[in-house]
Amino acid sequence: MFDHVNIKVAGFGGQGVMMFGQLIAYSAAYEELFGLWFPSYGPETRGGTANCSVIVSKKQINSPVFQSANHLIAFNLPSLQKFHDKMKDGGLILYNSSLIKDQVTSDKAICIGIPINDIATDLGSIQVSNIVMMGAYLELTNLFVESTIEKVLIKYLGEKKAHMLDINMEALRKGREYVLEAGVTYA
Amino acid sequence: MAKVLMKGNEAIAVAALKGGVDAFFGYPITPQNEIPEYLSKHLLAAGKVFVQAESEVAAINMVYGAAGAGARVMTSSSSPGIALKQEGISYIAGAELPCVIVSVMRGGPGLGGIQPSQADYYQATRGGGNGDYQLIVYAPETIQETIDIMKESFDIADYYRNPVLVLVDGLIGQMMETVDFEKPVKKRFIPAKDYATTGTANHPGRNIVNSLFLDPVELEQHNLQLQKKYQQIKNNETKYEMINMENPEYVIVAYGTMSRICRSAIESLKEEGIEVGMIRPISLWPYPKAAFNEIPSGVKGILCAEMSMGQMLDDVMISDKGRHEIGFYGRVGGMVPEPEEIVDAIKNFKDKVVK
């Protein structure tokens, strides 16, 4: 289990980067942990990349900003390149291997590629690729109780997007399955 | 306890509703727009007043009017917008009316930028309005503390008949954090608003709300009365926190987001065997001068850290009375420092000393 994790989520605008980060922070609130999310809305967002920082902690969170992350979720190559070297020892780099074709390596982190675009397209909607990533991420880290994310997603989608619930749940399951079938682990 | 995840600006709006706000008047500006956005929906739904005015000047004068009529009233803005409100703020303080003003700081001067900053310390504590007036200024460090202070601010404003300014940087406004709205706040006795211009049905004669005193004798008396009140506020409402002050080598002074960054730096330094304490002012006016008397002996220096070029630094120097060497570390323009920068500043304290 963890006491405190710094998570950087990065990708193109439209890939569901901000939603991914918020779902983690909402899950922290659901489990009565401390959670913090903030978007990068500075000049660095120019050029098409979006990123957000998330902190989940068992105790009161001090600095909202951090230099290095425990977990990096990279949805595209520019994001991976930008944050690849800003990792803590024993970290996890989870990347979108549908867009990043070369095997990623790091001295500091375990690197795992998930073909989220392909999995989501097979499901019938590229839109849920971020949720495929979420399934894989939670399967690897066990950050929260398994049912938490489902409850958070139901609330996040609300009545307006309730018709999207089934495909999101399926995406979560596919992400988890991919990790289990690939036999990859992250302690 | 039930935690919810909420954006700082939205949390400010919810806390204002819980604090009993009757009316909001404002004009849009980034990075605080979620405050009026939220209140526009929920104040009107509750049958209360929300007006998007034609300008900041109009908004603050609407606040003046509604406060004069006895309402619990607030406005919110960001740096250049707060600059425009200064005349009205001085009038409200002069007329001894309560209101809550939220200032979500962005980089300056001028239009500056839209990223987080703490460069409006002077604006908040020294003011841009005329005359010998003071605002009660609170600078919370987390969204939770912002909520607690917002809920209490309406009572404090009513009790002293004085504007309260809640000062946060754009990061607190824009980030989301887990918060608990049910944390209880101190209950205060609020005297009846017998000054309010609510008609003559319940009292003889007219109530007149004004900041004009053409007779110098009368105006001096008014000022002396205000000073008496400000002294009472200094005695009762000064808030600060002392952190890791048992046996520190250095002491940091920081507020708001910067104090959280410094907390992380203090933890890192502790792991390296360097003990650093912190004075965290929560009220910027009244400034916690007395905290500096509690600094233990043997401290090598004080580092003032701000997201400005050094504004609170003046109050640190005034409060320390020349007892220590004082260093400064600041970032501006929307740049938010990482804890490692504060660690470096402490390790290279000699280079940071203010000559």
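Calculation notes
- Residues numbered from 1 in each chain as written.
- Chains lettered and ligands numbered in written order.
- Predicted model: local features only at pLDDT ≥ 70, side-chain atom pairs only at ≥ 80, totals over all residues.
- Contact = placed C-beta atoms within 7 Å.
- Helix = DSSP H or I, 4+ residues; strand = E, 2+ residues; numbered from the N terminus.
- Nonpolar A, V, L, I, M, F, W, Y, C, P; charged D, E, K, R; others polar.
- Buried ≥ 20, exposed ≤ 12 C-beta atoms within 10 Å, placed from the backbone.
- Arc of directions from axis to C-beta.
- Pairing = 2+ DSSP bridges.
- Axes fitted to C-alpha atoms, helices over the stretch in contact; angles between N-to-C directions.
- Domains from an automatic or database assignment.

### Let's talk about the interface of chain A and chain B
1) Next: Across the boundary between the two partners, chain A contributes 20 residues, which contact 20 residues of chain B.
2) Next: Mapped by element, the contributors of at least two residues to the side of chain A that touches chain B are helix H1 (17-30) and strand S2 (34-39) of chain A.
3) Next: For the side of chain A that touches chain B, the element with the most residues is S2 of chain A, which contributes six residues.
4) Next: For the side of chain A that touches chain B, a count of residues per class yields 13 nonpolar, six polar and one charged.

### What to know about helix H11 (residues 312-320) of chain B
All names here are of chain B.
1) Next: Taken together, the buried positions of H11 are occupied by Met 312, Leu 313, Asp 315, Val 316, Ser 319 and Asp 320. Each buried residue of H11 lies within a common arc of 160 degrees when the element is viewed along its axis, so the set occupies one face.
2) Next: One or two positions beyond H11, positive phi appears at Lys 321, with a value near 55 degrees.

### What to know about helix H3 (residues 116-123) of chain A
All names here are of chain A.
1) Next: Regarding H3, the residues found buried are Ile 116, Ile 119 and Ala 120. All buried residues of H3 fall inside an arc of 95 degrees around its axis, so they share one side.
2) Next: If you follow the buried residues of H3, they end up packed against strand S5 (87-96), strand S6 (109-114), helix H4 (129-141) and helix H6 (165-182).
3) Next: Phi for Gly 124, located one or two positions after H3, is positive at around 110 degrees.

### Points about the sheet that holds strand S10 (residues 250-253) of chain B
Residues and elements named next belong to chain B.
1) Next: Judged by pairing direction, the sheet is mixed, and its five strands sit side by side in the order S9-S11-S10-S13-S14 without closing on themselves. Sheet topology places strand S9 (240-243) and strand S14 (326-330) at the edges, where each strand pairs with a single neighbour. Adjacent strand axes in the sheet meet at a mean angle of 20 degrees when their direction is disregarded.
2) Next: Of the strand pairs in this sheet, S10 and strand S13 (residues 301-306) are connected by four bridges, and their pairing is parallel. Counterpart to Val 251 in the pairing with S13 is Ile 302.
3) Next: Here helix H10 (residues 256-271) sits on the sheet in contact with S9, S10, strand S11 (276-281) and S13, set at roughly 165 degrees to S11.
4) Next: Together, S10, S11, S13 and S14 form the strand contacts of helix H12 (residues 339-347), whose direction differs from that of S13 by roughly 150 degrees.

### Re the sheet that holds S5 of chain A
1) Next: Pairing in this open sheet of eight strands is mixed, and the strands run S6(A)-S5(A)-S4(A)-S1(A)-S3(A)-S2(A)-S8(B)-S1(B) from one edge to the other. Two strands close off the open sheet at either side, each with one partner strand: S6 of chain A together with strand S1 (4-7) of chain B. Pairwise comparison of adjacent strand axes, ignoring direction, gives a mean angle of 20 degrees for this sheet.
2) Next: Alignment of strand S1 (residues 4-12) of chain A against strand S3 (residues 49-57) of chain A, held across nine bridges, turns out to be antiparallel. The residue of S3 of chain A that forms the bridge with Ile 7 of chain A is Val 54 of chain A.

### Digging into the domain arrangement of chain B
Residue and element names in this part refer to chain B.
1) Next: By domain assignment, chain B separates into domain 1 (4-237) and domain 2 (241-352).
2) Next: Taking only C-alpha atoms into account, the centre of domain 1 sits 28 Å from that of domain 2.
3) Next: Facing 27 residues of domain 1, the contacting portion of domain 2 comprises 22 residues.
4) Next: Elements with a contribution of two residues or more to the side of domain 1 that touches domain 2: helix H6 (121-125), strand S6 (136-138), strand S7 (163-169), helix H8 (170-174) and helix H9 (216-237).
5) Next: At four residues, the largest contribution of residues to the side of domain 1 that touches domain 2 is made by H6.
6) Next: Residues belonging to the side of domain 1 that touches domain 2 are distributed by class as follows: 16 nonpolar, seven polar and four charged.

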